[in-house]
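# Architecture at a glance
Letter by letter, the chains look like this.
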Amino acid sequence: AAGVIQSPRHLIKEKRETATLKCYPIPRHDTVYWYQQGPGQDPQFLISFYEKMQSDKGSIPDRFSAQQFSDYHSELNMSSLELGDSALYFCASSMLRGSGTEAFFGQGTRLTVV
Amino acid sequence: KQEVTQIPAALSVPEGENLVLNCSFTDSAIYNLQWFRQDPGKGLTSLLLIQSSQREQTSGRLNASLDKSSGRSTLYIAASQPGDSATYLCAVRQERNRDDKIIFGKGTRLHILP
């Protein structure tokens, strides 16, 4: 069965550079969530999209932006990278927002800022 | 604001023992509760999903219970094995105020002693 695909799996960037993380949800899933997990931390909600529109916003820095495209894939853009942005970034998808269906998580993108 | 708490933060038990991990949440307006396993530096593996209308779910040696009214869930692991060593995360999908996000606890780091 198709799962949530994230790319790249690993990314190394220098401070002040820009990074773009991509997420391909499970087909027919209409909701995408982004999470950030720092070393030794629990995943923190960043932002979510429903039917290509931003639906909820969490603790996402102003330097980050995200969008969901017509094919439902989503991209998280991170600018002016800081050392503290080094983390594992997860994407999840689900269908039928508000229905309580299961959310499926990708394997994550490990971002290292040096 | 929904808060998810997991107790204990860390647990070491000899192989073969049965054990219980605890999760509590402050807002009972949830769609479901999900238990995940995470190995160091790796992604999230979904173990069990309990819908808000359900009381428990079982998969192999794992059994998860949910008491929505009291805001509690437990994950029971029978006959623990060294391969069960990992961090176990509890997450609730909340439905308050038209929000639809998944909130994680900080996890329980489990170490099974051979």
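Notes on the structure follow. (Residues numbered from 1 in each chain as written. Chains lettered and ligands numbered in written order. Predicted model: local features only at pLDDT ≥ 70, side-chain atom pairs only at ≥ 80, totals over all residues. Heavy atoms only, no water.)

### A short note on the sheet that holds strand E3 (residues 19–24) of chain A
Residue and element names in this part refer to chain A.
- On the basis of which strands lie adjacent, the open sheet formed by 4 strands has the order E1-E3-E8-E7 and antiparallel pairing. The open sheet terminates on both sides in strands that have one partner only, identified here as strand E1 (5–7) and strand E7 (64–68). Pairs of neighbouring strands in the sheet enclose a mean axial angle of 15°, with direction left out of account.
- Pairing between E7 and strand E8 (residues 74–78): 5 bridges, direction antiparallel. Each bridged residue has a counterpart across the sheet, and for alanine 66 the counterpart in E8 is leucine 76. (Pairing = 2+ DSSP bridges. Helix = DSSP H or I, 4+ residues; strand = E, 2+ residues; numbered from the N terminus. Axes fitted to C-alpha atoms, helices over the stretch in contact; angles between N-to-C directions.)

### A word on the interface of chain B and chain A
- Each partner contributes to the interface: chain B provides 22 residues, whereas chain A provides 23 residues.
- Each partner contributes to the roughly 1,800 Å² buried at the junction of chain B and chain A, and carbon and sulfur atoms together form 48% of this total.
- Of all residues in chain B, Arg93(B), Asp100(B) and Ile102(B) give up the largest surface area on contact with chain A, accounting jointly for 28% of the area buried on that side.
- Between the two partners, chain B and chain A, sit 1 salt bridge.
- With its nearest N and O atoms 3.2 Å apart, the salt bridge here joins Lys106(B) to Asp42(A). (Contact = heavy atoms within 4.5 Å. Buried area = accessible area lost by both parts, 1.4 Å probe. Salt bridge = Lys/Arg side-chain N within 4 Å of Asp/Glu carboxyl O.)

### A look at the packing of aromatic side chains
- In this structure the tally under the stated criterion is 7 aromatic pairs over all chains.
- Ring centres 6.5 Å apart and planes at 80° place the aromatic pair Phe90(A) and Phe105(A) in the edge-to-face group. With a gap of 15 residues between them, Phe90(A) in strand E9 (residues 87–94) and Phe105(A) in strand E10 (residues 104–105) connect regions that are remote in the sequence.
- In this structure Phe90(A) comes out as buried when scored by relative accessible area, which is 0%.
- Plain terms: the ring middles of Phe36(B) and Phe104(B) are 5.6 Å apart, the flat faces sit at 40° to each other, and that makes the pair tilted. Here Phe36(B), found in strand E4 (residues 30–38), pairs with Phe104(B), found in strand E10 (residues 101–104); they are 68 residues apart in sequence, far enough to count as distant.
- Looking at Phe104(B), the relative accessible area reads 5%, which means it is buried.
- Aromatic rings pair up to connect Tyr35(A), Phe45(A), Phe90(A), Phe105(A), Phe36(B) and Phe104(B) into one cluster. (Phe/Tyr/Trp six-rings, centres within 6.5 Å; stacked < 30°, edge-to-face > 60°. Buried < 20%, exposed > 50% of the residue type's maximum accessible area, 1.4 Å probe, protein only.)

### Some words on the layout of surface pockets
- Put simply, the largest pocket is a space of about 910 Å³.
- Gln41(A), Asp42(A), Pro43(A), Gln44(A) and Gly105(B) are, among the 41 residues lining the largest pocket, the residues nearest its centre.
- Counting residues per element, the ones that place at least two in the lining of the largest pocket are strand E4 (31–37) and strand E5 (44–50) of chain A together with strand E1 (4–7), strand E9 (86–94) and E10 of chain B.
- Its residues assigned to classes, the lining of the largest pocket shows 13 nonpolar, 16 polar and 12 charged. (1 Å grid on protein atoms, 1.4 Å probe; cavity = no way out; pocket = protein on both sides within 12 Å on 5 of 7 lines; lining within 4 Å. Points joined across faces, edges and corners; volume = space filled by probe spheres on them. Nonpolar A, V, L, I, M, F, W, Y, C, P; charged D, E, K, R; others polar.)

None of this, on its own, says anything about what the molecule does.
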